[in-house]
Amino acid sequence: MINPLRTSIAVRSVTVLLLIVGVVGLTFFGLSYRLAEQQEEDDEHTRLVELLDTVERTASVACFLSDKALADEVARGLMMNRTVKAVAITAGGNLLAHRGDSIDAFPERDRAPGFMLVRAIKSPFSPAETVGEVVLVPNAAEIRRKVVDAAWLTGRLLLLQIIFTGFGVVLIVVTFITRPIAAVSARLHEMRPEIGQKIEVPRGNRSDEIGQLVHDVNSLVDYLVNILKEERDLHTQLGIEERKFRAIFEHAHTGIFLLDASGQLVSFNGACGRFFRFPDAAAGDVALPAFVDLVDQHWKGAPALIARAVAEGSAVDQDVKVPARPGIAARWLNVVLTPVEDGRLQGVVNDITELKRSEEAALALAATDPLTGLPNRLGFDRRLEKMIDDCHADARQRFTLLMVDLDWFKQINDNHGHQAGDLVLVCTARALEKAVRKTDFVARVGGDEFVLLLGATHERAAIEAVIRKVIAGAGQPISISPGISATIGASVGAAVFEGGAMTGAQLLRDADEAMYKAKAAGRNGFRFARSSGG
Amino acid sequence: MPRLLPAAVACLLMLASARAGAELVVIANPASGIDRLTRDEAINIFMGRYKKLPSGIAALPVDEGVEKADFYRALVGKELPEIQSYWARLVFSGQGSPPRVMDDARQVIETVANNKGAIGYVDRKNVTSRVRIILALPP
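Since the structure is predicted, the reported quantities are computational estimates derived from the model, not experimental observations.

What follows is about the overall build of chain A. Looking only at helices and strands, one finds 14 helices and 16 strands in chain A. Counting over 534 residues, chain A shows a buried share of 28%. Taking the contacts inside chain A whose residues are at least 6 apart along the sequence as the reference set, 57% of them involve residues at least 24 apart.

Shown next as structure tokens:
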């Protein structure tokens, strides 16, 4: 229910004003009634006293002469007045005249000294001599009636004045204050400032405070509308910019992501999702899981890299291989993590698969002998190093290095040309590969020098068997041109890696030494290095 | 001539003092039974309050036309119109009448001498042996 007392200034002010008028009116009515009552009572008393003054001389004569007729005349005259209830005139103790009820019959209240009038009558010829007295009982009811009449008249006039004044004030307040304010309020309520509407100044208030108020409100509205418009324009501009950047972010070929301090994924772009193969569910912006959980299956090193970035406080990077999956090729990614403000980490991911591939190709190329397709000296060094590392990791591991030097190769080169020499080398390489297991390693480390690494082989018998197969393979005749074949030989030095403090260079030197000894002892022979169980 | 002026002044002063010094006395019949009368008794009798003399004889007060004003002025301190208004009230109520008025002192003395209850007033110098002074009213 709508209470107009709460919602309407006019109703409220009128109600309050009427209340005030009512209270003030009643209070003043009561006061004026009391005052008028008092005044009227005093007036009545004065009137009665004056009445007695008027008849005093005659009463004096009547008392002086004890003239009953004259005294009765006086009493009758007094009784003409309606406010006189009873009169008694006595002279020297004798009742001269009596009108109205017996004095003694009146109640005590009417005979009170302040109410009943008793006038001592002096002799007309000697003021010192009292010759009688006049007793006058006022008519209480009549006086009361007159008093009430007079007080009512005064009170009603006052009440009427207050009521008229009150209504006047209400009228003024409603006309000059509340109505214009209500009008302004209603217009303000319905105003639509965005289409340029303004409040109209109420008629007659153009240059007063209400006019000023309306003017100020209009100015304020103008100001706010302008600010809002600017804000909106700015917002639109920002939106366009943001969409632009968003598009760049989303369509970049570089993966970009942002982690909060707890490692939670805050945002990432499409490239990032593709690189790390995020499930589609993670594409939404809600409840993104922890980054390390998302990439765990491809990249176990993520927590370590994050920890390093946080610890160093600067950009760190790592190459990550995302393994192949059915239908998806393996990819290499370069991840750069940069700490940004608030403990956040910004990640940039680039696909470096092509780079890695060409790098690997270059590496392989560098470690390969272009003529025979076998690993070259560089490839051999790497392999040797790795095998020694493996042996260090597992003390039971052994392997054997065979140094193979071709016999009579120089002559073929000299007699038949380099092309024939190259052909011999290629054929020998194939023969050596054939002579060993697939898991063994064959490399060409010099012009006519080959090295074989035999994994998990260290017993002399087994080694000798392999050596004989190698020598036999190398000794096969080779057709170098139609109708011409060449045969070469091979001298082999063997050295077994026994673990311990032995280095690869030492092992190589031992094998080399053993090979020279074999060569010195005649071609197609072999020797074991002295350290290799001789 | 210069000797005449003091004499004339003295003569005038004597006249004035004689007039001002005229002393009124209340007189009564020697057989009235009263030797003296108080001032209040005189007032009560002349203003009609008492109908009898203190001795019990019916009182008959009389006025004297010439001295009347002086007499009431001396007795009750009132002028004649007031006295007349006083009697007018009583006449209206029918309760009494003012004293009869004599023409001169001789007639007053005659009336008092011939009536036992009569009392009147005259200048002291007109008093005869036929009446008795019962109250003197010094001016």
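Turning our eyes to something else, we now look at the overall build of chain B. Across its full length, chain B holds five helices and five strands. Of the regular secondary structure in chain B, the N- to C-terminal order runs α-β-α-β-α-α-β-α-β-β. By the burial criterion, 29% of the 139 residues in chain B qualify as buried. Look at the contacts in chain B between residues 6 or more apart in sequence, and 69% of them connect residues 24 or more apart.

All names here are of chain B. Read from one edge to the other, the open sheet built from five strands follows the order S3-S2-S4-S1-S5, with strand pairing classed as mixed. For this open sheet the edge positions go to strand S3 (100-102) and strand S5 (132-137), each flanked by a neighbour on one side alone. Shown here is a sheet whose adjacent strand axes are inclined to one another by a mean of 30°, direction ignored. Here strand S2 (residues 60-64) pairs with S3 via three bridges, running parallel. Paired with Val-62 across the strands is Arg-100, a residue of S3. Here helix H3 (residues 68-76) sits on the sheet in contact with strand S1 (24-28), S2, strand S4 (118-123) and S5, set at roughly 95° to S1.

With that out of the way, let us pick up the interface of chain A and chain B. Taken residue by residue, the interface counts 10 residues in chain A and 12 residues in chain B. Taken together, the elements giving at least two residues each to the side of chain A that touches chain B come down to helix H2 (9-65) and helix H3 (68-79) of chain A. Split by residue class, the side of chain A that touches chain B holds seven nonpolar, one polar and two charged.

Moving on: the packing of helix H11 (residues 409-416) of chain A against helix H12 (residues 418-435) of chain A. All names here are of chain A. For the pair H11 and H12, interaxial distance at closest approach is 6 Å and the crossing angle is 145°. Counted together, Phe-409, Ile-412, Asn-413 and His-416 of H11 and His-418, Ala-420, Gly-421 and Val-424 of H12 form the full contact between these two elements. A per-class count over the contact of H11 with H12 returns four nonpolar, four polar and no charged.

Structural remark: α-helix, 3.6 residues per turn; residues separated by three or four positions point the same way. All names here are of chain A. Under the 1.5 Å per step criterion, the end-to-end length of helix H10 (residues 377-393) is 24 Å for 17 residues, consistent within 8% with the ideal 24 Å. Along H10, the positions that sit buried rather than exposed are Gly-379, Phe-380, Leu-384 and Met-387. On an axial view of H10, the arc spanned by its buried residues comes to 130°, and they lie on one face. More than 90 degrees from the buried face of H10, the exposed residues found are Glu-385, Lys-386, Asp-389, His-392 and Ala-393.

This next bit is on the packing of helix H4 (residues 140-190) of chain A against helix H5 (residues 209-251) of chain A. Residue and element names in this part refer to chain A. Contact geometry of H4 with H5 gives a least axis separation of 11 Å together with a crossing angle of 15°. As the angle between them shows, H4 and H5 are arranged roughly parallel. Of the two possible hands of crossing, H4 and H5 adopt the one that is right-handed. Contact with H4, carried on its side by Pro-180, Ile-181, Val-184 and Leu-188, involves Ile-210, Val-214 and Val-217 of H5 and no other residues of that element. Taken together, the residues of the contact of H4 with H5 sort by class into seven nonpolar, no polar and no charged.

Residues and elements named next belong to chain A. With antiparallel pairing, the five strands of this open sheet are ordered in space as S6-S5-S9-S8-S7. The open sheet has two edge strands, strand S6 (265-268) and strand S7 (316-322), and neither has a second partner. Looking at each pair of strands side by side, their axes are set apart by 20° on average, direction ignored. Looking at chain direction, S7 and strand S8 (residues 331-339) are connected through seven bridges and run antiparallel.

Counting 58 residues, the largest nonpolar core has Ala-62, Cys-63, Val-74, Val-87 and Ile-89 of chain A together with Ile-27 of chain B as the members making the most contacts within it. When residues in this core are grouped by element, the largest group, nine residues, is from H2 of chain A. The residues touching Ile-27 of chain B, leaving out its near neighbours within four places in the chain, are Val-112, Ile-119, Gly-120, Tyr-121, Val-122, Val-127, Val-131, Arg-132, Ile-133 and Ile-134 of chain B.

The next thing to look at is the confidence of the model for chain B. Residues and elements named next belong to chain B. Per-residue confidence for chain B gives a mean pLDDT of 84; residues scoring 70 or more make up 83%. Mean pLDDT values for the elements of chain B range from 50 in helix H1 (residues 4-20) up to 94 in S1. Across residues 13-19, confidence stays below pLDDT 50; counting only partners more than four residues off in sequence or on other chains, it has zero contacts. Across the interfaces of the predicted complex, the ipTM metric reaches 0.78, alongside a pTM of 0.45.

Relative to the 20 Å expected for 14 residues at 1.5 Å per residue, helix H9 (residues 353-366) of chain A spans 20 Å between its end C-alpha atoms, a close match to the ideal helical length. Across the 14 residues of H9 of chain A, zero count as buried, placing the element largely on the outside.

In this section: the environment of Leu-355 of chain A. All names here are of chain A. Residue placement: Leu-355 occurs in helix H9. Given 13 C-beta atoms within 10 Å, Leu-355 falls into the partly exposed group. For the pair Leu-355 and Trp-332, spaced 23 residues apart in sequence, the C-alpha to C-alpha distance is 8.6 Å.

Residues and elements named next belong to chain A. Alternating positions in strand S11 (residues 441-444) separate into two faces, Phe-441 and Ala-443 on one and Val-442 and Arg-444 on the other, with burial throughout. Two elements, S11 and strand S12 (residues 449-455), share four bridges in a ladder whose sense is antiparallel. Within S12, the position partnered with Phe-441 by the bridge is Leu-453.

What counts, and at which threshold
Residues numbered from 1 in each chain as written. Chains lettered and ligands numbered in written order. Predicted model: local features only at pLDDT ≥ 70, side-chain atom pairs only at ≥ 80, totals over all residues. Helix = DSSP H or I, 4+ residues; strand = E, 2+ residues; numbered from the N terminus. Buried ≥ 20, exposed ≤ 12 C-beta atoms within 10 Å, placed from the backbone. Contact = placed C-beta atoms within 7 Å. Pairing = 2+ DSSP bridges. Axes fitted to C-alpha atoms, helices over the stretch in contact; angles between N-to-C directions. Nonpolar A, V, L, I, M, F, W, Y, C, P; charged D, E, K, R; others polar. Expected span 1.5 Å × (residues − 1). Arc of directions from axis to C-beta. Parallel < 35°, antiparallel > 145°, perpendicular 65-115°, else oblique. Left-handed = near helix turned anticlockwise from the far one by under 90°. Core = buried A, V, L, I, M, F, W, Y, C linked by C-beta atoms within 7 Å. pLDDT = per-residue confidence, 0-100.

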